[in-house]
Amino acid sequence: ITFRSQSGNAGDVTLFTSSSAIFFIKLNKTDFITFSDLTFNDFNSISTQRSRIFLQGNCDNVKFTGNVFKGGINGAGISGAGVSLSNFIVDSNNFNIKSGIYIFDPTGKCSNTLILNNSFNCQFGISIYKIDGLILQKNNINCTSPVNPHGYSTYFSDCRGNISITKNKLVSTSPNDRSTD
């Protein structure tokens, strides 16, 4: 299943919620789904953590390409908890949000994750825990956090297998950057 703007321009289709839900879209045990050329914008100024996309359960072959994640004062573009991922692809997206990608507390094996050609302007760029097989390539990750001393551009913990981090631009102006723990 593919969700894509008809024009191929992310600015032509904006998905948002005005409710107090903690996510826009929740994928629970979802396979073979693609989101392409869409804008996920949070117009609310609530202070609770909100994810544009929340992943849970076994999610295989999930792909995000050419999307824009923006708005709100808290939350993540793509997050996951209690998730097992395989063939997870994030390619050519723009994250202008508090946290770009935040995958934590995986319940099973997470493998073959590709994060390519994205632009991040966030307080927290990419956080990934317990992934087996990761390619992080050609991303522009610019994370500034003048108010939070614990911001970071990238944070990896307990990642195994084939890990490749190449040709990325990492910029962080947080005083206690924890990049690549």
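Our subject is the structure listed above.
On a predicted model such as this, the values are computed, not experimentally measured, just so you know.

(A) View of the overall build of the chain. Per the secondary structure count, the chain includes 0 helices and 19 strands. Sequence-distant contacts in the chain: of pairs separated by 6 or more residues, those separated by 24 or more amount to 72%. Surface accessibility of the chain: about 8400 Å² in total, with carbon and sulfur atoms responsible for 48%.

(B) Looking closely at the sheet that holds strand β19 (residues 169-172). Reading across the sheet, the 7 strands line up as β2-β5-β8-β10-β13-β16-β19 and stay open at both edges, with parallel pairing between neighbours. Each having just a single partner strand, β2 (14-15) and β19 make up the two edges of the open sheet. In this sheet, strand β10 (residues 94-96) lies alongside strand β8 (residues 68-71) in parallel orientation, the contact comprising 3 bridges. Looking across to β10, one finds that F69 is bridged to F95.

(C) Spotlight on the pattern of salt bridges. Under the definition given, this model contains 1 salt bridge. Among the salt bridges present, the one from D158 reaches R160, with a minimum N-O distance of 2.6 Å.

(D) Structural view of the nonpolar core. Residues L55, F64, I78, F95, I115 and I126 are the most contacted members of the largest nonpolar core, which totals 33 residues. Here this core gets 5 residues from one element, more than from any other, and that element is strand β9 (residues 76-91).

(E) Expanded view of the environment of T144. Checked against the element boundaries, T144 lands in the loop between β16 (140-143) and β17 (152-157). C-alpha separation for the pair T144 and K98, spaced 46 residues apart in sequence, amounts to 9.8 Å.

(F) Main features of the packing of aromatic side chains. Per the counting criterion, the structure on display carries 10 aromatic pairs. Summarising the aromatic geometry, the rings of F35 and F64 are spaced 5.4 Å apart at their centres and angled 10 degrees between planes, so their arrangement reads as stacked. Highlighted residues: F35 in strand β4 (residues 33-36) and F64 in strand β7 (residues 62-65), separated in sequence by 29 residues. The same class applies to F35 and to F64, which are both buried. Through pairs of rings, three or more aromatic residues link up here, namely F3, F35, F40, F64, F69, F88, F95 and F120.

(G) Layout of the side chain of D37. Positionally, D37 belongs in the loop between β4 and β5 (39-42). An unpaired buried charge is present at D37: no salt bridge exists, and R4, the closest side chain of opposite charge, is 4.7 Å distant. With sequence-adjacent residues up to four places away left out, D37 is seen in contact with R4, S5, G8, N9, A10, T65, G66 and N67.

(H) Here's a closer look at the environment of I165. Looking at the secondary structure, you find I165 in strand β18 (residues 160-166). Excluding its chain neighbours within four sequence positions, the residues that come into contact with I165 are L136 and F156.

Parameters and conventions
- Residues numbered from 1 in each chain as written.
- Predicted model: local features only at pLDDT ≥ 70, side-chain atom pairs only at ≥ 80, totals over all residues.
- Heavy atoms only, no water.
- Helix = DSSP H or I, 4+ residues; strand = E, 2+ residues; numbered from the N terminus.
- Contact = heavy atoms within 4.5 Å.
- Areas by Shrake-Rupley, 256 points an atom, 1.4 Å probe, with all protein chains shown as cover.
- Pairing = 2+ DSSP bridges.
- Salt bridge = Lys/Arg side-chain N within 4 Å of Asp/Glu carboxyl O.
- Core = buried A, V, L, I, M, F, W, Y, C linked by side-chain atoms within 4.5 Å.
- Buried < 20%, exposed > 50% of the residue type's maximum accessible area, 1.4 Å probe, protein only.
- Phe/Tyr/Trp six-rings, centres within 6.5 Å; stacked < 30°, edge-to-face > 60°.
- Lys, Arg positive; Asp, Glu negative; His and termini not counted.

Function cannot be inferred from these measures alone, as they are strictly geometric.
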